[in-house]
Amino acid sequence: MIRPILWVHGDCLDPQGPHFKNHPQAPALWVWDERLLAEWQLSLKRLVFIYECLVELPVVIRRGGVVAEVLTFATEHQADGIVTTASPSPLFRQYVKVLEQSLPVTILSVEPFVDYDGHIDLARFSRYWRVAQAYAFKGDLNDSK
Amino acid sequence: MSKDMRRDFTDRADLIRYVGEQFPEAAARDGRVSPIRGGRRAAEVQLNRLETHRYATTRNFLNGSVSRLSPYIRYGVLNLAQVRDWVLARATPHQCEKFVNELGWRDYWQRLYLKLGQGIWEDREPYKTGYSPQHYQDTLPEDIQSGTTGLVCMDVFSQELKIQGYLHNHARMWLAAYLVHWRHLRWQTGAKWFLEHLIDGDPASNNLSWQWVASTFGAKPYFFNRENLERYTAGLYCRRCPLYGHCAFEGSYDDLAHNLFPRNESPTAQPGRKPKAKRR
């Protein structure tokens, strides 16, 4: 990918996020998702908070359908791909799947809190934490006691 | 070509006015905005106020030292690793053990979200309240919306939710428990109400915490009594409540369990136990 655009979404509004760090010159877009706005009925409080986050980022702000807006933005910039950051949202995965039909999508990850790729039982927090704790503390917790 | 929205504003009032104009439906529902500011700069100010040693011992009290970082973590303005590294650079791992554990809750909810997707809106397990899902009503009661139940604590929490877009974690739990176990509201309706207003509203943290309270993601329902609420609020609401001494939360946990869950043959409720705080 030589000339990507960045798709910035609501799970990574960090000006030091990996997408901005790795592609400091790439045009970046935020889309107010009409679908989510209708579904979630977000209050003005939440919209203002997000907007305040956005104006600190080097992003173009638009409103509409996410896939259509991202592809339009990509065309405007003659992009050869889309870079974004990971999100656990099922809607994010849906959007990526559709975008990939038009352009390659690279999904970057933020630094993990628990840097462990093995299986973790998520049935209860206690089971998760039994495994995750050592990684969360980078192995330091027991050393300090 | 789509129209670019404004990025430059003279001040916060200018930005708020513009957002209100661009999202008239939201402004018409409720034109109030939170004093909590968005953005990385505001996040770093909040991070610098963090007192991890006091957090461990006071966080369950409404006037305790909580981080108020959740809105910034919610939107990835700060990520968990950054916050963890920040505290570990300033305290020993043992001193910030509790705080890092709470960050772990956020990571846990996100991992579950990745696994469950829209399933976070469905009961993960059967209710342990003695009631079926059909027992619970779908509509948020009007007196909750308007903050006119007469219970000072719940009315204040309702107002704070709508005005500040933020509630202390313990207040979220009390309000959720009141709605589900005293008012028999479906947890999904309460969760949606919270998500509309909470600045840090995250579907996974929010919904699975509501499920924990309801008992559809946990072994027992969470409930509380007046004594518990009075203790952790330092009597702030009880002192001025006209229902003091005879409110719906009055009584021992055994009495309340009997009244709230009469169909339960065994005392399965989990009184007064607080889950690991899922929001800071």
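Everything quoted here is computed from the prediction, not taken from an experiment.

For the rest of this paragraph, the subject is the interface of chain B and chain A. How large an interface is tends to be reported as the accessible area lost when its parts come together. Each partner contributes to the interface: chain B provides 81 residues, whereas chain A provides 62 residues. Here chain B meets chain A over a buried area of about 6,100 Å², counting both sides, of which 58% is carbon and sulfur. Viewed at the interface, chain A and chain B are joined by eight salt bridges. As a salt-bridge pair, A:R62 and B:D4 come within 2.6 Å of each other at their nearest N and O atoms. Applying the counting criterion to the chain B and chain A interface returns 38 residue pairs in polar contact (both at pLDDT 80 or more). Where the side of chain B that touches chain A is concerned, the elements lending two or more residues are α1 (12–22), α2 (24–29), α3 (40–48), α5 (70–74), α6 (80–88), α7 (97–116), α9 (152–164) and α11 (187–197) of chain B.

Once that is clear, we can look at the domain arrangement of chain B. Residues and elements named next belong to chain B. By the assigned domains, chain B splits into domain 1 (12–117) and domain 2 (119–271). Once you take the C-alpha centre of each, domain 1 and domain 2 turn out to be 22 Å apart. Taken together, the two surfaces of domain 1 and domain 2 that pack against each other cover about 2,400 Å², and 62% of this comes from carbon and sulfur. Sorting the residues of domain 1 by area buried against domain 2 places L62, W109 and L116 first, and these three jointly supply 28% of that buried surface. At the boundary of domain 1 and domain 2, one finds three salt bridges. The interface formed by domain 1 and domain 2 includes nine residue pairs in polar contact (both at pLDDT 80 or more). Taken together, the elements giving at least two residues each to the side of domain 1 that touches domain 2 come down to α5 and α7.

Here we come to the packing of aromatic side chains. Overall, the coordinates contain 35 aromatic pairs over all chains when judged by the stated rule. Ring geometry for A:W7 against A:F92: centres 5.4 Å apart, planes inclined by 20°, an arrangement best described as stacked. Placement of A:W7 in strand β1 (residues 4–8) and of A:F92 in helix α5 (residues 90–99) is noted, with a sequence separation of 85 residues between them. Residue class for A:W7 comes out buried when judged on its relative accessible area of 4%. According to the relative accessible area criterion, A:F92 is buried, its value standing at 6%. Considering the side-chain rings of B:Y108 and B:W109, the 5.2 Å spacing of their centres and the 45° angle between planes classify their relative orientation as tilted. The exposure class of B:Y108 is buried, given its relative accessible area of 1%. Among the aromatic residues, those joined into a cluster by ring pairs are A:F125, A:Y128, A:W129, B:W105, B:Y108, B:W109 and B:F217.

Their axes nearest at 10 Å, the elements helix α3 (residues 44–54) of chain A and α1(B) cross at an angle of 120°. Relative to α1(B), α3(A) is oriented oblique. Pair α3(A) / α1(B) crosses with right-handed handedness. Contacts between α3(A) and α1(B) pair A:L44, A:L47, A:V48, A:Y51 and A:E52 from the former with B:R12, B:L15, B:I16, B:Y18, B:V19 and B:G20 from the latter.

Rolled over the atoms, a probe with the dimensions of a water molecule shows which regions are left empty. All names here are of chain B. Enumeration according to the criterion identifies four cavities of 30 Å³ or more in this entry. Taken as a whole, the second largest cavity encloses approximately 90 Å³ of empty space. Lining the second largest cavity we find L151, V152, C153, R226, L229, Y237, C238, C241, L243, Y244, C247 and F249. Put simply, the parts of the chain that give the lining of the second largest cavity at least two residues each are α9 and α13 (226–232). Partitioning the lining of the second largest cavity into residue classes produces 11 nonpolar, no polar and one charged.

With that settled, consider the pairing of strand β2 (residues 28–33) of chain A. All names here are of chain A. With respect to burial, β2 is a largely interior element, six of its six residues being buried. Of the pairings in the sheet, the one linking β1 to β2 comprises three bridges and is parallel in character. Following the sheet pairing, W7 is matched in β2 by L29. Of the strand pairs in this sheet, β2 and strand β3 (residues 60–64) are connected by five bridges, and their pairing is parallel. Note that in β3 the partner of W32 across the bridge is R63.

Counting residues in hydrophobic clusters, the biggest one holds 76 residues, and the most contacted among them are A:L13, A:W32 and A:Y128. A total of nine residues in this core trace back to one element, the largest contributor, which is α7(B). Among all residues touching A:L13, those that are not within four sequence positions of it are A:V8, A:W30, A:I50, A:C53, A:L54, A:L57, B:Y75, B:G76 and B:V77. Core analysis: the next-biggest nonpolar cluster, separate from the first, contains 47 residues, B:A177, B:L185, B:F224 and B:Y237 among them.

Within this structure, the stated rule accounts for 27 salt bridges over all chains. It is possible to trace a salt-bridge network through shared partners that takes in A:D11, B:R74, B:R106 and B:D202.

With respect to the element layout, B:K3 can be found in the segment before α1. Residue B:K3 is classed as exposed on the basis of its relative accessible area, which comes to 67%. Excluding its chain neighbours within four sequence positions, the residues that come into contact with B:K3 are A:I61 and A:R62.

Once that is clear, we can look at the pairing of β1(A). When you tally the buried positions in β1(A), you get five out of five residues, the bulk of the element. Burial of β1(A) is two-sided: the residues A:P4, A:L6 and A:V8 facing one way and the residues A:I5 and A:W7 facing the other way are all buried.

Procedures and definitions
- Note that residues are indexed from 1 along each chain, following the sequence as it is written.
- Starting at A for chains and at 1 for ligands, labels are handed out in the order in which the entities are written.
- Reporting of local features is limited, given that this is a predicted model, to residues whose pLDDT is at least 70; pairs of side-chain atoms are given and counted only at 80 or more, and all residues count toward the totals for whole chains, interfaces and linings.
- Side-chain measures were taken over the full set of non-hydrogen atoms in the model, leaving aside hydrogen atoms and water.
- Here, two residues are considered to be in contact whenever any of their heavy atoms come within 4.5 Å of each other.
- Summed over both partners, buried area is the accessible surface (1.4 Å probe) that two parts give up on being assembled.
- The rule for a salt bridge is simple: a side-chain nitrogen of Lys or Arg has to be within 4 Å of a carboxyl oxygen of Asp or Glu.
- Whenever a nitrogen or oxygen atom comes within 3.5 Å of another N or O atom, the pair is scored as a polar contact, on the condition that within protein one atom can donate a hydrogen and the other can accept it, and that pairs from neighbouring residues in sequence are kept only if both atoms are in side chains.
- Numbering of helices and strands runs from the N terminus, with a helix taken as a DSSP run of H or I at least four residues long and a strand as a DSSP run of E at least two residues long.
- An automatic or database domain assignment supplies the start and end points of every domain.
- Under the pairing criterion, centres of Phe, Tyr and Trp rings, with the six-membered ring standing for Trp, must be within 6.5 Å; the plane angle then separates stacked pairs below 30 degrees from edge-to-face pairs above 60, leaving the rest tilted.
- Think of it in three bands: residues with accessible area under 20% of the maximum for their type are buried, residues over 50% are exposed, and the middle band is partly exposed, with areas taken using a 1.4 Å probe on protein chains only.
- Where helices are involved, their axes are fitted lines through C-alpha atoms of the stretch in contact, as for all axes, and angles between N-to-C directions lie from 0 to 180°.
- When describing relative orientation, an angle under 35 degrees is termed roughly parallel and one over 145 degrees roughly antiparallel, while 65 to 115 degrees is termed roughly perpendicular and anything else oblique.
- Crossing chirality is assigned from the near helix's rotation relative to the far helix, an anticlockwise turn below a right angle marking it left-handed and a clockwise turn marking it right-handed.
- Of the grid points, spaced at 1 Å and generated over the protein atoms alone, those admitting a 1.4 Å probe that cannot get out make up cavities, while open sets with protein on both sides within 12 Å along at least five of seven lines make up pockets; any residue with an atom within 4 Å of a point is treated as lining.
- Grid points are joined across faces, edges and corners, and a volume is the space filled by probe spheres set on the points.
- Note on residue classes: Ala, Val, Leu, Ile, Met, Phe, Trp, Tyr, Cys and Pro are nonpolar, Asp, Glu, Lys and Arg are charged, and everything else, Gly too, is polar.
- Two strands are said to pair when DSSP picks up at least two bridges between them.
- Joining through side-chain atoms within 4.5 Å is the link that ties buried Ala, Val, Leu, Ile, Met, Phe, Trp, Tyr and Cys residues into a set, and such a set is a nonpolar core.

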